[in-house]
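Overview (structure and organization)
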Amino acid sequence: MMYETVLARSFSKHEQKRLGYWGLLACLFIVLSFFTIFKPYLGPLPVLNLRLSMGEDGKLHLSNDTTSSLMIAREDSSLIVNDERSSQEEAEIMSKTSILKDTDRTHEGAESIMNSSSIVNGTSKSQEVFGDADAVTKNNKMEPLCTIMGRSDFCEIKGDIRIDGNSFTVFIVSSETDILAAKNTSWRIRPYARKGDQTAMDGVREWTVKLVAGGSYIPECSLNHSVPGILFSAGGYAGNHFHAFTDIIVPLFSTARPYNGKVQFLITNGWSGWIAKFRTILKALSRYQLMNIDNRQDIHCFGSMTVGLKRESYKELGIDPSKSPYSIKDFRQFLRSSYNLKKPRAIKIMDGTKRRPRLLIISRKRSRAFTNVGDIVTLAKKLGYRVVVAEPDADVSGFSQIINSCDVVMGVHGGGLTNIVFLPENAVLIQVIPFGGAEWLSRTFFEEPAKAMNIRYLDYKIRVEESTLLQQYPADHVVLRDPSVIGKQGWLAFRSIYFQKQNVTIDVIRFRPTLVKALELLHQ
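So, here's what we can say about the structure. Just so it is clear, the model here is predicted, and its values are computed rather than measured. (Residues numbered from 1 in each chain as written. Predicted model: local features only at pLDDT ≥ 70, side-chain atom pairs only at ≥ 80, totals over all residues. Heavy atoms only, no water.)

Here we come to the overall build of the protein. In terms of helices and strands, the protein carries 18 helices and 22 strands. Sorting the 524 residues of the protein into buried and exposed places 48% on the buried side. Within the protein, contacts between residues separated by at least 24 positions form 72% of all contacts whose residues are at least 6 apart in sequence. Within the structure as shown, the protein displays about 27000 Å² of accessible surface, and the carbon and sulfur contribution to it stands at 53%. (Helix = DSSP H or I, 4+ residues; strand = E, 2+ residues; numbered from the N terminus. Buried < 20%, exposed > 50% of the residue type's maximum accessible area, 1.4 Å probe, protein only. Contact = heavy atoms within 4.5 Å. Areas by Shrake-Rupley, 256 points an atom, 1.4 Å probe, with all protein chains shown as cover.)

Residue position: Ser 226 is located in the loop between β13 (223–224) and β14 (229–233). Judged by its relative accessible area of 75%, Ser 226 falls in the exposed class. Each C-alpha atom of the pair Ser 226 and Phe 302 lies 7.0 Å from the other, and the pair is 76 residues apart in sequence.

Let us look at the pattern of salt bridges. Per the stated rule, a full pass over the model turns up 19 salt bridges. Ionic pairing is found between Asp 160 and Arg 162, a salt bridge with its closest N-O pair at 3.0 Å. Taking the shortest distance from any N to any O, the salt bridge between Arg 510 and Glu 466 comes out at 2.7 Å. Residue Arg 510 is located in helix α18 (residues 508–523), and its partner Glu 466 is located in the loop between β22 (456–461) and α15 (478–481); the two are separated by 44 residues in the primary sequence. (Salt bridge = Lys/Arg side-chain N within 4 Å of Asp/Glu carboxyl O.)

Taking strand neighbours across the sheet as the criterion, the five strands line up as β19-β18-β20-β21-β22 in an open arrangement whose pairing is parallel. For this open sheet the edge positions go to β19 (386–390) and β22, each flanked by a neighbour on one side alone. Averaged over all pairs of adjacent strands, the angle between strand axes in this sheet comes to 20°, irrespective of strand direction. Bridging between strand β20 (residues 408–412) and strand β21 (residues 428–433) involves five bridges; their strand directions are parallel. When the sheet's bridge partners are listed, Val 409 is paired in β21 with Leu 429. (Pairing = 2+ DSSP bridges. Axes fitted to C-alpha atoms, helices over the stretch in contact; angles between N-to-C directions.)

Quick look at α18 now. For α18, spanning 16 residues, the distance from its first C-alpha to its last is 23 Å, which sits close to the expected 22 Å at 1.5 Å a residue. Along α18, the residues that are buried comprise Phe 511, Thr 514, Leu 515, Ala 518, Leu 519, Leu 521 and Leu 522. All buried residues of α18 project into a common sector of 155° when viewed along the axis, lining one side. Away from its buried face, by an angle of more than 90 degrees, α18 presents the exposed residues Ile 509 and Pro 513. (Expected span 1.5 Å × (residues − 1). Arc of directions from axis to C-beta.)

Bridge count for β21 against β22 is six bridges, and the pairing is parallel. Each bridged residue has a counterpart across the sheet, and for Ile 430 the counterpart in β22 is Leu 458. Regarding the hand of the β-α-β motif, the stretch spanning β21, helix α14 (residues 439–452) and β22 is right-handed. (Right-handed = clockwise from strand over helix to strand, strands pointing away.)

So, about a positive patch on the surface. Residues Arg 355, Arg 356, Lys 381 and Arg 386 make up a contiguous surface patch of positive charge. With respect to the secondary-structure elements, Arg 356 resides in the loop between α11 (328–338) and β18 (358–362). (Patch = residues over 30% accessible without salt bridge, like charges linked within 9 Å, V, L, I, M, F, W, Y side chains within 5 Å. Lys, Arg positive; Asp, Glu negative; His and termini not counted. Charge placed at Lys NZ, Arg CZ, Asp CG, Glu CD.)

This structure, assessed with the given rule, holds two disulfides. Put simply, Cys 221 and Cys 301 are joined by a disulfide, and their sulfur atoms are 2.0 Å apart. Measuring the twist about the S-S bond at about -100°, one finds the Cys 221-Cys 301 disulfide to be left-handed. Of this pair, Cys 221 sits in the loop between β12 (207–212) and β13 while Cys 301 sits in strand β17 (residues 299–307); the two residues are 80 residues apart in sequence, bridging distant segments of the chain. On the accessibility criterion, Cys 301 (3% relative accessible area) is buried. Taken in N- to C-terminal order, the disulfide-linked cysteines of the protein are connected 1-2, 3-4. (Disulfide = S-S within 2.5 Å.)

If a probe the size of a water molecule is rolled over the atoms, the empty space left behind becomes visible. Here the largest pocket defines a volume of roughly 1300 Å³. Considering the residues around the largest pocket, the lining is formed by 40 residues, among which Asn 240, His 243, Arg 368, Gly 415 and Trp 491 are closest to the centre. Where the lining of the largest pocket is concerned, the elements lending two or more residues are α8 (241–256), α14 and α17 (491–499). For the lining of the largest pocket, the residue count by class is 14 nonpolar, 14 polar and twelve charged. (1 Å grid on protein atoms, 1.4 Å probe; cavity = no way out; pocket = protein on both sides within 12 Å on 5 of 7 lines; lining within 4 Å. Points joined across faces, edges and corners; volume = space filled by probe spheres on them. Nonpolar A, V, L, I, M, F, W, Y, C, P; charged D, E, K, R; others polar.)

Looking now at the nonpolar core. The nonpolar side chains of a soluble globular protein tend to be buried with one another. Judged by nonpolar contacts, the single largest core of 101 residues is most densely connected at Phe 232, Trp 274 and Phe 331. For this core, the element with the highest residue contribution is α8, accounting for nine residues. Domain assignment of the residues forming this core places at least three in each of domain 1 (146–338) and domain 2 (358–522). Not counting residues within four places of it along the chain, the set of residues in contact with Trp 274 comprises Phe 232, Ala 234, Ala 238, Ala 244, Ile 248, Ile 249, Ile 267 and Leu 282. If you look at the next biggest cluster of nonpolar residues, it comprises 22 residues, including Val 170, Ala 213, Leu 266 and Ile 293. (Core = buried A, V, L, I, M, F, W, Y, C linked by side-chain atoms within 4.5 Å. Domains from an automatic or database assignment.)

Quick look at the side chain of Arg 368 now. With respect to the element layout, Arg 368 can be found in the loop between β18 and α12 (373–383). With no salt bridge to any partner, buried Arg 368 finds its closest opposite charge in Glu 391, at an N-O distance of 11 Å.

Moving on, we come to the packing of α8 against α11. At a closest axis distance of 10 Å, the pairing of α8 and α11 adopts a crossing angle of 90°. As the angle between them shows, α8 and α11 are arranged roughly perpendicular. Side by side, α8 and α11 meet where Phe 245, Ile 249, Val 250 and Phe 253 of the first sit next to Asp 330, Phe 331 and Phe 334 of the second. Residues belonging to the contact of α8 with α11 are distributed by class as follows: six nonpolar, no polar and one charged. (Parallel < 35°, antiparallel > 145°, perpendicular 65-115°, else oblique.)

Let us now look at the side chain of Glu 466. In this structure Glu 466 comes out as buried when scored by relative accessible area, which is 4%. A polar side-chain atom of Glu 466 sits 2.6 Å from a polar atom in the side chain of Tyr 460. Beyond its immediate sequence surroundings of up to four residues, Glu 466 is in contact with Tyr 460, Lys 461, Asn 503, Val 504, Thr 505, Ile 506, Asp 507 and Arg 510. (Polar contact = N/O pair within 3.5 Å; in protein donor to acceptor, adjacent residues only side chain to side chain.)

What follows is the structure, encoded as C-alpha cells:
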C-alpha cells in the first residue's frame, strides 16, 4: 500500500500505465538476453534415439529419432505413445514389442547383440539383432535388419532393393538423409546357416548389403519382381546329404513357408546336381523358377528381400518352436505332402497278427559299410521282419518312398540316416555307432533329432572285434588301444581313420537283442 501511495503522488494515472508497459518490455528483454547468452548450456537434451512409431501399414516399429525432446513434442500424435493413451492401448503396444536390452552372448563376426522384435505377418518373434539401432524403419523406409538366430545370419529388407549378381551386391536405394543418419551403410553376409564353422563358411560366397542414394552408382532394374525374394547359398557342406538338410533345407522351410509359395528363390553357389536333387522341395516352397543369381548381367529388383536363412535352433535337423511359428513336426508333414508319402504311422504289432514289420538296412559302399549284410538279413527274417536293403542316392524322391514304407531302419552313422525325416510316426531307428568314439556325433546328429521327430531310437555300439580296423593295425596300436589320442589330433585325423578307413562286421549273436527290442517297441 505504501508503494501505491508513493506512485499515486508522483505520477498521473496515464503516466503509471505507460510506466507499466515499459517495465514489461524491460522484463521480456532481460529474459531474451538470458536465453541468448546461455543457450549452449540450456539447449534441449537429446533423447534416446529409439522410439515406438505407428507406420502406414498399421504395425508398430522401432524407429530412430535424432531430434531433440522439443521436436518430439511437435511430432504428430499418431507417431508417439503419449499420456493421453488409455492403459488398454498401452498394454496392447507392450504386447507387440519388447524392450531392447544388452546381452553378453557373443557370436563370431558380430560385435554386439541386442534383443529386439520383428513382426512377421502380424506375429511378434524374439530375435537377436546385430549392427546399429539405425538398422530399423525410419521415416517409413526400412534399412536392412540383420539378425543372428541360432547358427545363421540373415537380413530382412523392405524398400527399393536391387540385386546385382555380377558384383554380389544387394543395393538398397535410400535418401541422403537416411544414409547420413545411419551408422552403417553396408553389411557383409554369407547366406548359409552354419555360422561358427569356419571350414563350411569359407566355401560360401560373401554378399554385400549396401545403402545407396541418388549421388551414388545405382544399377537400373532389368526386371521388377512383384513377390518377395530369398537369397541363399548352396555352398559350404551342401554336397553332404545331412548338411544339405540341416544347413539349407530345414532353414529354407522356416524362412519361406510363411509366404505360401509366393516367393522368388535366388541361389548363390548353386550347382545343377544339388538343384536337381532337391527340386521337389524347392518347387513345393516356391511357385517360381529358381534363379541362379551368380554372375548375372541383369539387375533384379524387389520390394522385399531376405538375404540368408533363418536357423533358429542350435540343434541339428531342428526347429525351435519357441522362436518360429513352425516345428520339426510341421516340416515332416510338409515332406509327406511334397513327396506324396502314403504311410503316416509305423505298424503296431498286435498279438496273434500275421502282419510283419518292414526293416530297411541302409547299405554303404565306400566306408562304414556292412561286410556281412547277408547274415543280418538272415537274422532279421528269422525274427519275423520283412527286409529291404537299399543305398540312398541322388533320387531323393525314390528313396523317400522306400524308407516311408518301413517300420524300422538301421544303418551305420552317416549321411544316409538323414532320411529318417521320411519315416512314418513311431518308427524305430537303430543307429550303428562305429568304433573310435563317435558317440557325441551320433547323439547330436541323429539320436536327438529322431526323438524330436517322434521316432523311437536304439543304438548298437560296435566293439573293436567288429571293426575292419583290426585288420589294418596291430592290436596294440594307439588307433585300437586309445582312440582319444587320435581325437585330440583334430577332426581331420579322426575322420580319416574312424570314418574313412573303417567298415563293420556285425556280430549277429550280439546284435540279436537289439532287433528284438525294436520288435517290442512296435508292440507298444
